[in-house]
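Single-letter residue listing:
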Amino acid sequence: MHAVDLIQKKRDGQRLSRSELEFLITGYVRGEIPDYQMAAWIMAVYFQGMDAEEIAELTLIMARSGDTLDLSGIQGVKVDKHSTGGVGDTTTLIVTPLVASLGVPVAKMSGRGLGHTGGTVDKLESIPGFKVDLSPEQFITQVNKIGLSLVGQTGQLAPADKLLYALRDVTATVDSIPLIASSIMSKKIAAGADGFVLDVKVGAGAFMKTEAEALELARTMVQIGQLAKRETVALVTDMNQPLGRAVGNALEVKEAILTLRGEGPARLTELCLELSAEMLLVADITNSRSEARRMAEENFRTGQALGKFRELIKAQGGDAKVVDDLSLLPQAGHAKEVLAPAAGYVHKVDPLVIGVTAMELGAGREHKESVIDLAVGIELQTEVGDHIQKGQALATLYANDRQKLEAAAAKVLQAFEIADGKPLLAPTIYRKITAKEL
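Anyway, here's the lowdown on the structure attached to this text. Please read all numbers here as calculations on a predicted model, not as lab measurements.

Rules used in this analysis
Residues numbered from 1 in each chain as written. Predicted model: local features only at pLDDT ≥ 70, side-chain atom pairs only at ≥ 80, totals over all residues. Heavy atoms only, no water. Helix = DSSP H or I, 4+ residues; strand = E, 2+ residues; numbered from the N terminus. Contact = heavy atoms within 4.5 Å. Areas by Shrake-Rupley, 256 points an atom, 1.4 Å probe, with all protein chains shown as cover. Lys, Arg positive; Asp, Glu negative; His and termini not counted. Charge placed at Lys NZ, Arg CZ, Asp CG, Glu CD. Pairing = 2+ DSSP bridges. Axes fitted to C-alpha atoms, helices over the stretch in contact; angles between N-to-C directions. Buried < 20%, exposed > 50% of the residue type's maximum accessible area, 1.4 Å probe, protein only. Polar contact = N/O pair within 3.5 Å; in protein donor to acceptor, adjacent residues only side chain to side chain.

Attention shifts here to the overall build of the chain. The helix and strand inventory of the chain stands at 16 helices and 13 strands. Counting only C-alpha atoms, the chain reaches 70 × 45 × 40 Å along its principal axes. Pairs at least 24 residues apart make up 78% of the contacts formed inside the chain by residues separated by at least 6 positions. Total accessible area computed for the chain in this model is approximately 17,900 Å², and 49% of it derives from carbon and sulfur atoms. Taking the average location of the 47 positive side-chain charges in the chain and that of its 56 negative ones, the two points are 2 Å from each other.

Below, the structure written as structure tokens:
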């Protein structure tokens, strides 16, 4: 078998067998196939695509290219939740303690942020003392003890994905749905869960800009899950404005805690309840959708979800007092309000502008080596559909560098569009994709 023959085969639109894909991927991970040949094959995939079984085979080969977690020592159906990335998306911090408090064991590995999308691990590290690095044994023991653990991804989980993604990043082949889907699902499968609930974002602040693209990605990932014998459900959700009102690590932890108290933004709360209900169904806690939703709402109301978040913080070495005293989270030295230049209805809050500006304030990483400031970010005071008065605060910016504040304020103002007449509101959830539909 020769790499050049497999490149030509894919270039001509033919399907590669499992053994051929294995030859390519394992050869590349071992350094036996050079970058230029793998880049040529990736470009061929970009133009010719892959069929469902081919994508599933590629995903499983990538998942087994390094370490895999064995979660069989954890009782119950382990369900993982994944978001494709957005702005103001704190759902993991809310949904995981909620479903864990209802009997769904959650053993979740999360990544760090890069660019305008935040990372769950960075958010957790804004809690004083919180440890995101646990050994596999500690990870599993904690889930068996309290039903929940959130940690950083191990360096040896699906190494083929890391290598392929780095190559795609410099060859203009990132936006290939077969390669995006296999990248996401290979890490999920390697992390050992029995089922997945996927939150596929669509809109100005998401990787998928159109509903058609998001639906294709959602269907592809659900197909991979089905062929890998993992129950998988995907929700296609709106990212044409920030999901929550907080953008920045400590600010998002604060908003997650407020949401768990029942004081969070309506759109964020609604999506968290829907994702939680889907996780309860995948975990077989109930087979009634209405009952799953009722259970999730009840645990919000009674404070059990908030109690589980407190338990998680304590178990991983953090200061659990932050749940009751938000001032214990990192605080920025300077703040500035951005004021509305005119009265009217908010027609647009551009999530990409908000996310990039928060990154430039120091809340995110422009490069993998960038050092982030956990305290800084943006807190939105309004959202699409609100009526505002001239001079009313649209957002509050937090920074530790006064010079950055002035430049950021001008950019944030550009994110807002104010006009006469109430705008039509986009739904929070566009579609649900299941294996039955496929």
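Turning our attention to the sheet that holds strand S7 (residues 334-339). If you trace the four strands from one edge of the open sheet to the other, you get S6-S9-S11-S7, paired in antiparallel fashion. Strand pairing shows two members of the sheet lacking a second neighbour, strand S6 (246-247) and S7, which therefore form its edges. Bridge count between S6 and strand S9 (residues 377-380): two bridges; the pairing is antiparallel. Bridge pairing links Val247 to Ile378 in S9. Where helix H15 (residues 351-363) meets the sheet, its contacts fall on S6, S9 and strand S11 (393-399), and the angle it forms with S9 comes to roughly 140°.

Turning to the pairing of S11, a few remarks are in order. Among the seven residues that make up S11, six are buried, leaving the element largely enclosed by the rest of the structure. Where S9 and S11 come together, four bridges link them in antiparallel fashion. Along S11, the bridge assignment pairs Glu379 with Thr396.

The residue Ser83 is located in strand S1 (residues 79-83) in this model. Among the polar contacts made by the side chain of Ser83, one reaches the side chain of Asp89 at a distance of 2.8 Å. In contact with Ser83, not counting residues within four places along its chain, are Asp89, Asp199 and Lys201.

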